[in-house]
Every structure is written in C-alpha cells, then in structure tokens.
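Per-entry structural report
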Amino acid sequence: SIDGVQFKVYSSAHPKGFIIAKPKYIPIELMNLKGLKKRFIFGKSMFRFNLFNSKEVVEHNLNEIREKFPDCIYNCDKHKNWFFGLPESKIKNFYDARKGLQELLKVPLEDLDDYLKATKKMIDILVEAGISTKDLGISHSTLLGNYTPGKSDIDILVFGIDNGWKAIKHFEKSNNNSLKWKSKEDWSKYYRDRVVSKVYSESEYVANMIRKKDDGFIEGNVFSLFCIENQDELWYDWEADHEPLGVMKIKAKVKDAYYSIVRPGYYEIEESTILKGHENVPIKRIVTWARPFNLQAREGEYVEACGLLEKVKSKEGEFYQLVIGYFDSYMNGRGEEEYLKALIN
C-alpha cells in the first residue's frame, strides 16, 4: 500500500474499487499492535500480522487498524459484515506471481540456492502434471525474495480450476522421491501438540488431513499450493444480498466439490439437515473462506459442518448457505465453533 503495508490477496473476486486482502507485514511505527512477532523486511522493522491469537489481542489489533487505517476495512452492506482489504486507489505496488516465476526461470539452476532449487523442482513436477509454466506463479516470501531457507514455505499458485485439480490428482499418485507427506503419526502428534480442535476427535482429524495433497514437503521445505480461478471461472457475487441467521450445525451429502479448491470456495450439497440452531431449511452449499477446509470432502461423502447460516438473494435466485471463515469469526467467538469434516471413519 502507499503506507508501506504489505497485503496478501485473499480472493479472486472483489467488490468494485476494493481488493479483498489481509495485512501481512505492517511497519511498527504505523500503529501499536500487540502479541505479534516482528521481522526485518524491506529495510524496516515490521509486525507480522495474523489473527491466530487471543480474542482480546485480536480485538485490540483490529481496533488499532480501524482507528489508524479505516480504509483497510470494507464494511459491506450486502453481507452485513466486514472484510479486510485495500481500496484500489491506495495500492502502490502489485507483485505479479506469474511474472515472478518467469523471472525465476531465467536464472540457471546452478545459480540458485537450495530453497529456490526446491522451488524449481516443484515447478517441474507441476509441469509433469500437464500444467504450463504460464499458468503457475510464486507468491509470498518466495516471490519477494525475503524467504528464510529451511523455515519459509514455498508458495505456489496454480491458475485455472482444472489445472488445480490436475496438480492435486498428480500429487495423489506421484512417487517422486523429492515429495514427502505427513504420516498418520505426524498428524496425530500435530493434533495433540496444538490441541487442534474441540470438535474433531484425533482419528477424525487424521483421516481428514492425511488424504489432502495441497501441503507437503519438497526436498525438506514445506510447500503450499493455492489454486486461483481464471476470470471466466469466478463464482462469487458481491452484489448478492446476505441475511445472517445465526450459528448452525448441519449434516449433508456433497454433490459437487469442484470449487472446493479455491478461496473462497464452496461445496454444493444435497440431503442437508440442520442439526442445531435453526429450523430445518434446504441448504444449497457450504462456503469456506478458511483454507484449512478446502479439499476437505469429496463428491458422494457425507459431511458435518458448523458455521454462519445465511439466506442469499442473488442472480441465482434465493437460497440458504452455510459460511465458514468470515474475518469477524476470529474475534466474536464463532471461529471456535466453526468446522467442516468428512464423515469417513
């Protein structure tokens, strides 16, 4: 931004004149934030902003942002909710993930450090899946060159939903020795060490996580895969009216998981039943803004989920949907209740 704040874009579709994006690095002189780690980036001391903190800390930091940079909050009448982001008029630089990758590919392999060699290896594997390098990009610290070898994730963007599924299916059957996935024991330890959820049992958590192939290791480095819709694939309608109806728990069958690979993404569902919180109404889809719930269920599987029930009026008509991961859920307590799990074990 023109104020020196680095944002990461959070959606492919945006309201007019505004980019939905979350602050990532904030110069420490701009505001008094609490409970955040600091990094030395771009020649400055920066707060590394996140929402994974106590409710009191998150509320304090959000109030600081609202006071010092109110333009970073999009109060959306259509949603009766708010979103982080940036007015287009306040953007100073946009870092292009695809162009960044093309620049990286110009560097001879022998001139790359081990982290970037692993990044190049990741690109090679995705090309093996039938994806053109023109449909791939690098992001976050990999793109900006402020990564820490051995610690920073390698963040790869795949453009086009069909390409995203090509990548996932390729990883599911790949025997490449450079790739490694967490074992059942690894996920069990992660669950116990982090106290991941009060909703999932350990066995449910492990069963849901071990089959997902959008995060893993490439030659010892953590990698994360992000799928981005092409412009002709955008599904989110910022002109739709959303009426929030409260926190609900449901059970349903997944009819279509095609858009579960993007953020925000959704699962089209059928045979829905509200288990708690509202009279039973037919629910069309489960929408997730939270990446941990992408790729969580497949067609034909039954799921259980908790989130915000909305009545939506849009060009598609009038229908109900359950939403997980709106920004407000991190500070009003709803985030502790929200989840999505496939009923597979």
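Here the structure is shown first, and the text comes after it.
What comes next concerns the included structure.

Calculation rules
- Residues numbered from 1 in each chain as written.
- Predicted model: local features only at pLDDT ≥ 70, side-chain atom pairs only at ≥ 80, totals over all residues.
- Heavy atoms only, no water.
- Helix = DSSP H or I, 4+ residues; strand = E, 2+ residues; numbered from the N terminus.
- Buried < 20%, exposed > 50% of the residue type's maximum accessible area, 1.4 Å probe, protein only.
- Contact = heavy atoms within 4.5 Å.
- Areas by Shrake-Rupley, 256 points an atom, 1.4 Å probe, with all protein chains shown as cover.
- Lys, Arg positive; Asp, Glu negative; His and termini not counted.
- Charge placed at Lys NZ, Arg CZ, Asp CG, Glu CD.
- Pairing = 2+ DSSP bridges.
- Salt bridge = Lys/Arg side-chain N within 4 Å of Asp/Glu carboxyl O.
- Core = buried A, V, L, I, M, F, W, Y, C linked by side-chain atoms within 4.5 Å.
- Phe/Tyr/Trp six-rings, centres within 6.5 Å; stacked < 30°, edge-to-face > 60°.
- Axes fitted to C-alpha atoms, helices over the stretch in contact; angles between N-to-C directions.
- Parallel < 35°, antiparallel > 145°, perpendicular 65-115°, else oblique.
- Nonpolar A, V, L, I, M, F, W, Y, C, P; charged D, E, K, R; others polar.
- Disulfide = S-S within 2.5 Å.
- Expected span 1.5 Å × (residues − 1).
- Arc of directions from axis to C-beta.

**Section: the overall build of the protein**
On a plain count of helices and strands, the protein comes out with seven helices and 17 strands. Dimensions of the protein, computed from C-alpha atoms along their principal axes, come out at roughly 65 × 50 × 40 Å. Here the protein, with 345 residues, has 52% of them falling under the buried criterion. The contacts of the protein with a sequence gap of at least 6 include a subset with a gap of at least 24, amounting to 66%. Accessible surface, the protein: about 16,800 Å² in total, of which carbon and sulfur atoms supply 48%. Taking the average location of the 53 positive side-chain charges in the protein and that of its 52 negative ones, the two points are 3 Å from each other.

**A look at the sheet that holds strand β11 (residues 221-228)**
By way of backbone hydrogen bonds, the strands of a sheet pair with one another, either parallel or antiparallel. Taken in spatial order, the five strands line up as β7-β8-β11-β10-β9 in an open sheet, and their pairing is mixed. For this open sheet the edge positions go to β7 (136-139) and β9 (179-180), each flanked by a neighbour on one side alone.

**Topic: the pattern of salt bridges**
Pairing between side chains of opposite charge can happen when the charged atoms of each approach one another. On inspection of all chains with the given rule, the structure shows 21 salt bridges. Here Arg211 and Glu301 are joined by a salt bridge, their closest N and O atoms 2.7 Å apart. Separated by 90 residues along the polypeptide, Arg211 in the loop between α7 (202-210) and β10 (215-218) and Glu301 in the loop between β14 (283-288) and β15 (302-314) bring together distant segments of the chain. You can call Glu301 buried: its relative accessible area is 16%.

**Structural notes on the nonpolar core**
Counting 69 residues, the largest nonpolar core has Phe84, Leu225 and Trp289 as the members making the most contacts within it. If you tally residues by element for this core, the top one is helix α3 (residues 114-128), at seven residues. Counting 30 residues, the second-largest nonpolar core is a separate cluster that includes Trp187, Val281, Ala297 and Leu340.

**Here we look at the packing of aromatic side chains**
Applying the stated criterion to the full structure yields 30 aromatic pairs. Where Phe171 meets Phe223, the ring centres are 5.6 Å apart and the plane angle is 45°; that geometry is what we call tilted. Highlighted residues: Phe171 in helix α5 (residues 161-173) and Phe223 in strand β11, separated in sequence by 52 residues. Of the two residues, Phe171 and Phe223, both sit in the buried class. Arranged with centres 5.2 Å apart and planes meeting at 10°, the rings of Tyr259 and Tyr266 form a pair that is stacked.

**Some details on unusual backbone geometry**
Omega for the bond connecting Arg263 with Pro264 falls within 30 degrees of zero, at -10°, which places this linkage in the cis form. The backbone of Lys80 sits at a positive phi, close to 55°, despite the residue not being glycine. With respect to the helices and strands, the residue Lys80 is situated in the loop between β5 (73-76) and β6 (81-87). A positive phi angle, near 50°, is found at His140, a position not held by glycine. With respect to the element layout, His140 can be found in helix α4 (residues 140-144).

**A closer look at the packing of α3 against α5**
Direction vectors running N to C along α3 and α5 enclose 100°, while the axes themselves pass 9 Å from each other. Classed by the angle they form, the pair α3 and α5 counts as roughly perpendicular. In this structure, α3 uses Met122, Ile125, Leu126 and Glu128 to contact α5, whose residues at the interface are Ala167, His170 and Phe171. When its residues are assigned to classes, the contact of α3 with α5 shows five nonpolar, one polar and one charged.

**Some thoughts on the state of the cysteines**
One covalent bond between the sulfur atoms of two cysteine residues makes up a disulfide. Here the structure, examined in full by the defined rule, presents zero disulfides. We note that Cys72 lacks a disulfide partner, and the nearest cysteine sulfur, in Cys76, lies 17 Å from it. What makes Cys72 buried here is its relative accessible area of 9%.

**A few points about helix α1 (residues 55-68)**
Here α1 contains 14 residues, and its C-alpha end-to-end distance of 20 Å stays within 8% of the 20 Å for a straight helix at 1.5 Å per residue. All of the buried residues in α1 are Val57, Val58, Asn61, Leu62, Glu64 and Ile65. Seen along its axis, α1 keeps its buried residues to an arc of 155°; they face one direction. Of the residues in α1, the exposed ones pointing more than 90 degrees away from the buried face are Glu56 and Glu67. Where α1 is buried, its residues touch β5 and β6.

**As for the environment of Met31**
As for its placement among the helices and strands, Met31 is situated in the loop between β2 (18-27) and β3 (38-41). Residues Met31 and Glu67, 36 residues apart in the sequence, show an inter-C-alpha distance of 9.3 Å.

**Describing the pairing of strand β16 (residues 317-324)**
Counting buried residues in β16 gives six out of eight residues, a clear majority hidden from the surface. Here β15 pairs with β16 via seven bridges, running antiparallel. Within β16, the residue paired with Leu308 across the bridge is Val323. Between β15 and β16, which pair antiparallel one after the other, the connecting turn spans two residues.

Scope: geometric values only; no functional claims are made or implied.
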